[in-house]
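# Observations on the model geometry
What follows is the residue order along each chain.
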Amino acid sequence: MDWRDHGILLTSRRHGESAAIIEVFTEGHGRHAGVVRRGASRKTAPILQPGAQLDVLWRARLEEHIGTFQVEPLRSRAAAAFSGRLALAGLNAVVSLLSFCLPEREPHPAVYNQTEQLMDLLGQDEIWPLAYLRWELAMLEELGFGLDLSVCAVTGAREGLVYVSPKSGRAVSGEAAGEWADKLLPLPPCLRGEGAAPDAEITAGLQTTGYFLEHRVAPSLGHHPLPEARARFVDQFTRRL
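Residues numbered from 1 in each chain as written. Predicted model: local features only at pLDDT ≥ 70, side-chain atom pairs only at ≥ 80, totals over all residues. Heavy atoms only, no water.

Within the chain, Arg38 stands out as a residue other than glycine whose phi angle is a positive 60°. For Arg38, the location among the structural elements is in the loop between β3 (30–36) and β4 (53–59). The class for Arg38 is exposed, based on a relative accessible area of 55%. Even without being glycine, Arg105 reaches a positive phi, approximately 60°. Structurally, Arg105 is set in the loop between α2 (85–101) and α3 (109–119). (Helix = DSSP H or I, 4+ residues; strand = E, 2+ residues; numbered from the N terminus. Buried < 20%, exposed > 50% of the residue type's maximum accessible area, 1.4 Å probe, protein only.)

All right, on to helix α4 (residues 128–142) then. Here α4 is 15 residues long and its end C-alpha atoms lie 21 Å apart, about the 21 Å a rise of 1.5 Å per residue gives. Burial runs high along α4: eleven of the 15 residues are buried. Buried-residue contacts for α4 involve α2, α3, α6 (199–220) and α7 (228–238). Directly after α4, the chain includes Gly144, whose backbone phi takes a positive value near 90°. (Expected span 1.5 Å × (residues − 1). Contact = heavy atoms within 4.5 Å.)

Moving on to the sheet that holds strand β6 (residues 161–164). If you walk across this open sheet you meet the three strands as β7-β6-β8, and the pairing is antiparallel. Edge strands, defined here as strands with exactly one partner in the open sheet, are β7 (171–173) and β8 (185–186). Relative to β7, β6 is paired through three bridges, and the arrangement is antiparallel. Counted as the bridge partner of Val164 is Ala171 from β7. (Pairing = 2+ DSSP bridges.)

To continue, consider the nonpolar core. Within the largest apolar cluster, 54 residues are counted, with the highest numbers of intra-cluster contacts made by Val94, Leu98, Tyr132, Trp135, Ile202, Leu206 and Phe233. Secondary structure elements with two or more residues in this core: β1 (2–15), α2, α3, α4, β6, β7, α6 and α7. The biggest single contributor to this core is α2, with eleven residues. When sequence neighbours within four positions are dropped, the list of residues in contact with Phe233 reads Leu86, Ala89, Gly90, Ala93, Trp128, Tyr132 and Leu206. Leu54, Trp58, Ala60 and Phe69 belong to the second largest nonpolar core, which has 14 residues in total. (Core = buried A, V, L, I, M, F, W, Y, C linked by side-chain atoms within 4.5 Å.)

Our next topic: α7. Along α7, the positions that sit buried rather than exposed are Ala229, Arg230, Phe233, Val234 and Phe237. An end-on view of α7 places all buried positions within 140° of arc, on one side of the element. Of the exposed residues in α7, the ones pointing more than 90 degrees away from its buried face are Glu228 and Arg232. Close packing links the buried residues of α7 with α2, α4 and α6. (Arc of directions from axis to C-beta.)

With that out of the way, let us pick up the packing of aromatic side chains. One pass over the structure, following the stated rule, counts nine aromatic pairs. Taking 5.6 Å as the distance between ring centres and 35° as the angle between the ring planes, the aromatic pair formed by Tyr132 and Trp135 counts as tilted. You can see Tyr132 and its partner Trp135 sitting in helix α4, three residues apart, about one turn around the helix. By relative accessible area, which is 0% here, Tyr132 ends up buried. (Phe/Tyr/Trp six-rings, centres within 6.5 Å; stacked < 30°, edge-to-face > 60°.)

Here α2 crosses α7 at 150°, and the two axes come no closer than 8 Å. The angle between the axes of α2 and α7 places the two elements in the roughly antiparallel class. The two elements α2 and α7 meet at a crossing, and its hand is left-handed. Contacts between α2 and α7 involve Arg85, Leu86, Ala89, Gly90, Asn92, Ala93, Ser96 and Leu97 from the former and Ala229, Arg230, Arg232, Phe233, Gln236 and Phe237 from the latter. Split into classes, the residues belonging to the contact of α2 with α7 amount to seven nonpolar, four polar and three charged. (Axes fitted to C-alpha atoms, helices over the stretch in contact; angles between N-to-C directions. Parallel < 35°, antiparallel > 145°, perpendicular 65-115°, else oblique. Left-handed = near helix turned anticlockwise from the far one by under 90°. Nonpolar A, V, L, I, M, F, W, Y, C, P; charged D, E, K, R; others polar.)

Right, here's the structure in full:
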């Protein structure tokens, strides 16, 4: 059994004296783990950094085995990741959520392509948070928890949409919200792809996507808590408000 693909390194941990077990999110084979012989060596370890773009060749005697990877670096994102605290926190949030949310060995090419584009924006702190918010929306959609923000769930109106129902994930207008407004989630214009997306709006959007990640996605995966890396990124981002 063997295949070749390209992907984004999510995790790497030492295995034995000199090997490493890595987890790569690939375009055609999804989230996939394997052993890299001498992956902990001085020559190879610097290549196996989270976020790195790799060309990988996976081999195993049987498909269900963990198998081994041969890796070739395509590009490193270390410089961008270490350009500032926000970039590093953002990278850690992305790789942690991918490892947490996606099932093993199941292709998600749409999410892969958007993730690669997002990773290539690392270090561009003025545009990255909005790209990240859109990436979380895409993740929710891919996992079956997409938000319907097109019309009001109560009246069918397309204007004045300022809330999201935490139960249905559908938009609600300010007029229809009434006395339930304080129980609803914010729907800033940037969550609908509108407006200039100031930081305060992005923060409100992250509050909404975070709710569905925590209360819908996480329970569907066995009630494990969301990776703390996401909360650290949101905290780092909100510090610049």
